[in-house]
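Structure assessment
Residues per chain are reported as follows:
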Amino acid sequence: MVSFGKGQSKLKYLSCQSVISQVILILTKLYDYNLGSITESSLWRSTDYGTTYEKLNDKVGLKTILSYLYVCPTNKRKIMLLTDPEVESSLLISTDEGATYQKYRLNFYIHSLLFHPKQEDWILAYSQDQKLFSSVEFGRRWLLLHEGVAPNRFYWSMMVSGREPDLVHLEAKTVDGHAQYITCKMQNCSEASQNKPFPGYIDHNSLIVQDDYVFVQVTSGGRPHYYVSYRRNAFTPIKLPKYSLPKDMHVISTDESQVFAAVQEWNQNDTYNLYISDTRGVYFTLALENVKSSQGLDGNVMIDLYEVAGIKGMFLANKKIDNQVKTFITYNKGRDWNLLQAPDTDLKGNPVHCLLPYCSLHLHLKVSENPYTSGNIASRDTAPSIIVASGNIGPELSDSDISMFVSSDAGNTWRQIFEEEHSVLYLDQGGVLVAIKHTSLPIRHLWLSFDEGKSWSKYSFTSLPLFVDGILGEPGEETLIMTVFGHFSHRSEWQLVKIDYKTIFDRRCAEEDYWTWQLHSQGEACIMGAKRIYRKRKSEKKCMQGKYAGGMTSEPCVCTDADFDCDYGYERHSNGQCLPAFWYNPSSLSKDCSLGQSYLNSTGYRKVVSNNCTDGVREQYTAKPQQCPGKAPQGLRIITSDGKLTAEQGHNVTFLVQLEEGDLQRSLIQVDFGDGTAVSYANLSSTEDGIKHTYQNVGIFRVTVLVENSLGSDNAVLYLHVTCPLEHVHLSLPFVTTKNKEVNATAVLWPSQVGTLTYVWWFGNNTEPLITLEGSITFTFSVEGMNTITVQVSAGNTILQDTKTIAVYEQFRSLRLSFSPNLDDYNPDIPEWRRDISRVVKRALVEATGISSKHILVAVLPGLPTSAELFILPYQDATGENKRTAEDLEQISEILIQKLNQNFVYFELKPGVRVLVHAAHLTAAPLVDLTPSHSGSAMLMLLSVVFVGLAVFIIYKFKRKIPGLNIYAQMQNEKDQEMVSPVSQRESIPNVPQSELMSPEQLVDEKLDVQPIEQPQATVQNPRKGNAAKVVWTEDFQKACGSPRGFKPRPGAEVFPQLLSPRAQKKSLPM
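None of these values were measured; they are calculated from a predicted model.

Details of the overall build of the protein
Broken down by element type, the protein carries eight helices and 73 strands. Taking all 1071 residues of the protein together, 51% fall into the buried category. Partitioning the intrachain contacts of the protein with sequence separation of at least 6 by distance along the chain shows that 55% fall at a separation of at least 24. For the protein, the accessible surface area stands at approximately 50500 Å², while carbon and sulfur atoms represent 50% of it.

As C-alpha cells, this is what we get:
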C-alpha cells in the first residue's frame, strides 16, 4: 500500500495513467475551498507497476502546479503535462516514460488537446479564447491555425482510405457571427488556402466529422435540416421519412460504412427514434421507436442505447411503451428487437416466474464518464461474449430493487450475481472478473470470478476498511494486476493498493484449454448473414491467457428474409411485407434519370450494409437495373440556394431548379428573372451549381421557370423580394397641432427605395400599435398636451425606429422669425445645430420679454437663409387652472413682436458674433389664429394671397422668368436633405423669400380614402398610398437606391410649415 499527499482539509484529485511496461504515472492535486483554486500538485511515478512510487516534483519544478496529464496514444513513451493556467501557461514534455521533462512556455492557455490517431507528434490545441493551434513537434512549437473555433468542433481527417492525414476540419465563427465549415492543412490555414466544403453557413456547434462521413445542420423556416458528405464528396440532404420532422439528431455510430442515428421527432419530448442509413448516409430507415433519453450533468442528451463491445451489430436499448421503459436487444443492427429473457433462478437458487412479454429483464445502460469507475453496464472487445450490467426483473425498468446480472453468451441468457450494485473490472481477457461494491461506506473485500461470472469468491485486499474512489486496470484486460485507490478517512491522504493475481495461476493456457463458441440469437446461428465462431477459454480451466489473439472465424450464410430490411420509403406490415408508405412515390427514384440510361429500381427491400449473406433470396430482394422511362416534366420547383425569398440589391442570387419527374438531360429550361432578363439552358446539368443572377433594382420580382421536352412541360413561379439595406429612419411630423385637426406623419427612409417594408406606429401610451404597409398616415388628437409618436420600420431582418413629440392645443399663435445674415455663415444645416439654436433663441426671448418658457416653443427651420418658427402656447398648470385665453395669447404675441421689432432679442453665437432675431412678416399685424371661424380681414388677406398665387402660376405657364422668385412644390424633408445632399446648402436649397410662401388654403390636394382606428387620445387615418417626397435630390443618392416616393397630404390635414404663410400657419417643420 502506498500513501500520497498531505492530510489537509482540502479536496484532493488524482489522475492515473498506465504507460508501457511497468510504468504508472499519478498526478495528485489539492483544491482549497477558501481560495477557490488548486494550490498544490504532485507527480508520482512507478516503474514496478505500482509497488513503489517516486515523487517527481523536483523534476517538473517545485513550485510548478500541474493541471493535466496526457499520454500519447500512439507512443506511450511520450508524456505531456500542462500547468495550471491560473498560475502560468506552460507544458512539460517527456520522451522517456515520464523519467525526465523539458519545460516550454506558451503564449496561450490550453483548454484541450487532440492527438493525431496515427502521427505521434501531431497535436491540435484548443485555447481558452477559442483559438486553434497545431504542432508537428509534440508541442515544442505551435502554429495558430484559426480563431473563433467552436469548442469540440475540430477534427483530424481520418478516412478509412487514410487520405490527407494532415487535413484539419473545423467549425469557425465568421465576422458577422455565423458558423462555417472550414478545412485546411495543419501547417497552412490562411484565408487563401482554406476550403469551405459546405456552401453557406451552418448551425452553431453542428459539425461532426466521423470516419468517412461529415454531418452539418442548417435551420431554415424554424426546422433543422441535416446534410451529409460521404468520403468528402458534395453534401447531400439527409432523407428521413417525410413526416418525421426532426427536432434533434445524434450520430451514434458510423461503423462498417453505415450510419446509426438517434432522431427526436416533432411529437417526442423524452424519447428518440433510431434510424439506420444506406452506405452514403443519405437514406435512413426506422430501426426502433421511442428510445428513452435523459439530460446529462453537462446538459448533453443521453440516449439509452448501448453498443456491445466485441460483437458488431449488437445493441441494447431501453424503449418506452405506454409509459413503461423496457430493455430490448438486437443482433442485426436494428433489423429485429427482442425483450431480454429473465434468469431462471435468483441469487439464492429460487425459481423466477417471469413470462415474456409481460415480464422480462431490464438493464440500466448508462456508461461511466469516469475512467476509474464502471457504469451500469460493461463489455470488452477482448471478452466478446461477457456482459455485466445492473438492472431488475419485472414489467418495466426500475430505479429501485437493483441487482447485478451477467451474461456469458452475448445476452441470450442471464444470471443474477449480486443483489446490490458493483463495479466490475475485466482482467486477463475476461478470464478474471473483479467486483467491488458500490457504497459510500469503507470496505476491505472484493469478489473474484474465474468462470465468466458463474461463481464468485470473496477476497480481502486491505487490512483496514478503505473508501474506494476508483480502480486502475489499464492495460488490465491483458494483465492480472489492478490498483485500487481511495482514503481511510475524508481527511486522509490518498491510498493506493496494488493487487496482483498472477500468483493464483500456476501456468499459461494451452490449446486444449480453449473451446469454440458460436454466436447466436435464441438459437439462430446466422446473424448478419454469417456464422461467427469465437475461441474462448473453458470456464473450468484455471490458467492465464495473456495477450488477446482475437480468435474469431466466420462463414457466410444463405440469404433469407431476415437479412433484408425495408428500403427507404417502405414500411413493414403485419404480414412481413415491405410496402410503400403513403407519402412515398416509388417512381421518384427515376427522377434524375435520362432516357437511354438506367437506374436501380428498388424492390422495397435492402440488405443491411455489413450483412455478408450470399445467394438465397438475395437476387429476389436486390434492386434491379431498369431503363429510364421517358417522362414529361412534373413537380418543377425553383428555390434560392439559401432557401430565402429575399435578396440584397447588387448581390448574386443563386437559383436552384428541381424536378420531381422528367427526362432532365433532354429538357429545355427557360428562366425569366422578372427584371427584363431571361436565360435558357439545353439541359439541367448546366444548372447543378445553380443559376446566378444579380438584381440592380429593388422590388418584388416574379421569377418564372419553364421546363419542356418532347413529352410535355411544367412551369413554376417564385416571387423574390430584392431589398436595399435600410440605414436610417426619420419620422416627419409637425411640432404643434390643433386639437381635433388632422395631421400627416411620414416615415422618411434612407435609402428611400429598400423593398418591401412594414410600418408599426405607436401613439402615446397605447399598447396596441397600428401596422401599415405605407410610410405615411394621418391622425387627430382629441386631448391637449404633449404626445409621442413612434414608428418602427421592418425591412428584412432589420428594424429601425424613430420617436417624435408633438404638442396639441385647442388654439395657439405662431410667428416666423428671421435672423441677421451673419448667422448663415455658421449654419451647417444639420438637426443638431438647429436644435441648439432653437434652445438659444428661446432663452433669448424669455430673457427679453419676461414671458414664461412654458408659453414659448422655437423651431429653427432647415435651409438658407436661416429662419425659425415661434409658437405661443396656452400653457396651463397641472391642476388645469390658469389656462391662457385667446386674449392672453394675443397679448403675449404683441409683447414678443414689440421686443423683436425693437431689436431687443439677440444672442451671442461666439465671441464677437452677435445675432439679432426679427419678426419676419410684411406688416406688424397681430398673429392670426387659424381656427375654423375666421375673421373677415383674415379671409380677405387669404383671398389676396390666392390671387398672387394664381398670377405666379400664369407667369410660370408662359415660362417668364422673374429673378428671385422660387416656389416650393412640396416639402423638402430636413432629415433626408441632411443625409443625402453632398452639395452645399446654398446650392441645394432654394432661396425663398418668406413673403412668397403659400398658405394651406392655397394648396390643392387630392381626396384620399382613410381607415379610422380607435385611440384613447388620437384618431389615426391610414392613406392607401404616398410617402413624403423630397425637393432636392443629388445625383449620387439617386444612383444609390432610387428616387423618392411621392406624398400628398389629405385635404384639410395639417401640412408642413415650409408651405405656410408666415402669418397664417400654426405648424412648424417636421422634427
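A short note on the sheet that holds strand 44 (residues 552–556)
The three strands are arranged 42-43-44 in an open sheet whose pairing can be described as antiparallel. The sheet terminates laterally at strand 42 (514–518) and strand 44, the two strands that pair on one side only. The average undirected angle you get between the axes of adjacent strands in this sheet is 25°. The pairing of strand 43 (residues 530–537) with strand 44 spans five bridges and is classified as antiparallel. By the bridge assignment, Tyr-534 is partnered in strand 44 with Met-552.

Some words on the pattern of salt bridges
Should their charged atoms come close, side chains of opposite charge can pair. Evaluation of the coordinates by the stated rule reveals 29 salt bridges. Glu-452 is the partner of Lys-536 in a salt bridge, and the nearest nitrogen-oxygen pair spans 3.2 Å. With Lys-536 in strand 43 and Glu-452 in the loop between strand 37 (445–449) and strand 38 (457–460), the pair connects residues that are 84 residues apart, well separated along the chain. Overall, the relative accessible area of 9% leaves Lys-536 in the buried class. The buried category is assigned to Glu-452, whose relative accessible area is 12%. Each of Lys-78, Glu-120 and Asp-121 takes part in salt bridges that share partners, so that together they form one network.

Focus: the state of the cysteines
For the structure shown, the criterion picks out six disulfides. In this model, Cys-354 is linked to Cys-359 through a disulfide, with the two sulfur atoms separated by 1.9 Å. One quick way to see it: the torsion about the S-S bond of Cys-354 and Cys-359 is about -105°, and its sign makes the bridge left-handed. A residue is classified by how much of its surface remains accessible, and Cys-354, at 11% relative accessible area, is buried.

Concerning the packing of aromatic side chains
Under the counting rule described, the total for this entry stands at 32 aromatic pairs. Taken together, Tyr-283, Tyr-568, Tyr-570, Trp-583 and Tyr-584 form an aromatic cluster joined through their ring pairs. If you follow Lys-29 out to its NZ or CZ, it ends over the ring of Tyr-68, 5.4 Å from the centre. The cationic tip of Arg-914 hangs over the ring face of Tyr-906; the distance from NZ or CZ to the ring centre is 4.0 Å.

Details of the pairing of strand 24 (residues 284–295)
Strand direction decides the pairing type here: strand 23 (residues 271–277) and strand 24, joined by six bridges, are antiparallel. When the bridges of strand 24 are listed, Thr-271 appears paired with Lys-292. Linking strand 23 to strand 24, which pair antiparallel, is a turn of six residues; within it Gly-281 sits at a positive phi near 75°. As judged from the three bridges shared by strand 24 and strand 25 (residues 301–303), these two strands associate in the antiparallel manner. Paired with Ser-294 across the strands is Met-302, a residue of strand 25. With antiparallel pairing between neighbouring strands as the criterion, strand 24 and strand 25 make up a hairpin whose turn holds five residues, including Gly-299 at a positive phi of roughly 90°.

Regarding the nonpolar core
Counting residues in hydrophobic clusters, the biggest one holds 29 residues, and the most contacted among them are Val-841, Leu-845, Leu-870 and Phe-907. Secondary structure elements with two or more residues in this core: strand 67 (813–819), helix 3 (831–849), strand 68 (856–861), strand 69 (867–872), helix 4 (886–901) and strand 71 (913–919). Top element by residues in this core is helix 3. It accounts for seven residues.

Examining unusual backbone geometry
A cis amide bond links Trp-750 to the next residue, Pro-751, at an omega of -5°. Of note, Pro-751 is situated in the loop between strand 61 (743–750) and strand 62 (758–763). The omega angle of the peptide bond from Leu-864 to Pro-865 is -5°, so this bond is cis rather than trans. With respect to the helices and strands, the residue Pro-865 is situated in the loop between strand 68 and strand 69. Within the chain, Phe-138 stands out as a residue other than glycine whose phi angle is a positive 50°. Looking at the secondary structure, you find Phe-138 in the loop between strand 12 (131–135) and strand 13 (143–147). We classify Phe-138 as buried; its relative accessible area is 0%.

Points about the pairing of strand 22 (residues 260–264)
Counting buried positions over the five residues of strand 22 gives five, a clear majority of the element. Residues Phe-260, Ala-262 and Gln-264 line one face of strand 22 and the alternating positions Ala-261 and Val-263 line the opposite face, and both faces are buried. As judged from the five bridges shared by strand 21 (residues 248–253) and strand 22, these two strands associate in the antiparallel manner. Each bridged residue has a counterpart across the sheet, and for Met-249 the counterpart in strand 22 is Val-263. What sits between strand 21 and strand 22 in their antiparallel hairpin is a turn of six residues, with Glu-256 showing a positive phi close to 55°. In this sheet, strand 23 lies alongside strand 22 in antiparallel orientation, the contact comprising four bridges. Along strand 23, the bridge assignment pairs Ala-262 with Leu-274. Counted between consecutive antiparallel strands, the loop separating strand 22 from strand 23 contains six residues.

Describing the sheet that holds strand 9 (residues 102–105)
Read from one edge to the other, the open sheet built from four strands follows the order 6-7-8-9, with strand pairing classed as antiparallel. Taken across any chain shown, the strands that pair with only one partner, and hence form the sheet edges, are strand 6 (66–71) and strand 9. Across this sheet, the average inter-strand angle for adjacent strands is 20°, counted without regard to direction. Examined bridge by bridge, strand 8 (residues 90–94) and strand 9 share four bridges and lie antiparallel to one another. Paired with Leu-91 across the two strands is Tyr-104, which belongs to strand 9.

So, the environment of Thr-382
With respect to the secondary-structure elements, Thr-382 resides in the loop between strand 31 (377–380) and strand 32 (383–394). Placed 73 residues apart in sequence, Thr-382 and Ala-309 show a C-alpha to C-alpha distance of 8.5 Å.

What counts as what
Residues numbered from 1 in each chain as written. Predicted model: local features only at pLDDT ≥ 70, side-chain atom pairs only at ≥ 80, totals over all residues. Heavy atoms only, no water. Helix = DSSP H or I, 4+ residues; strand = E, 2+ residues; numbered from the N terminus. Buried < 20%, exposed > 50% of the residue type's maximum accessible area, 1.4 Å probe, protein only. Contact = heavy atoms within 4.5 Å. Areas by Shrake-Rupley, 256 points an atom, 1.4 Å probe, with all protein chains shown as cover. Pairing = 2+ DSSP bridges. Axes fitted to C-alpha atoms, helices over the stretch in contact; angles between N-to-C directions. Salt bridge = Lys/Arg side-chain N within 4 Å of Asp/Glu carboxyl O. Disulfide = S-S within 2.5 Å. Phe/Tyr/Trp six-rings, centres within 6.5 Å; stacked < 30°, edge-to-face > 60°. Lys NZ or Arg CZ within 6 Å of the ring centre and 35° of its normal. Core = buried A, V, L, I, M, F, W, Y, C linked by side-chain atoms within 4.5 Å.

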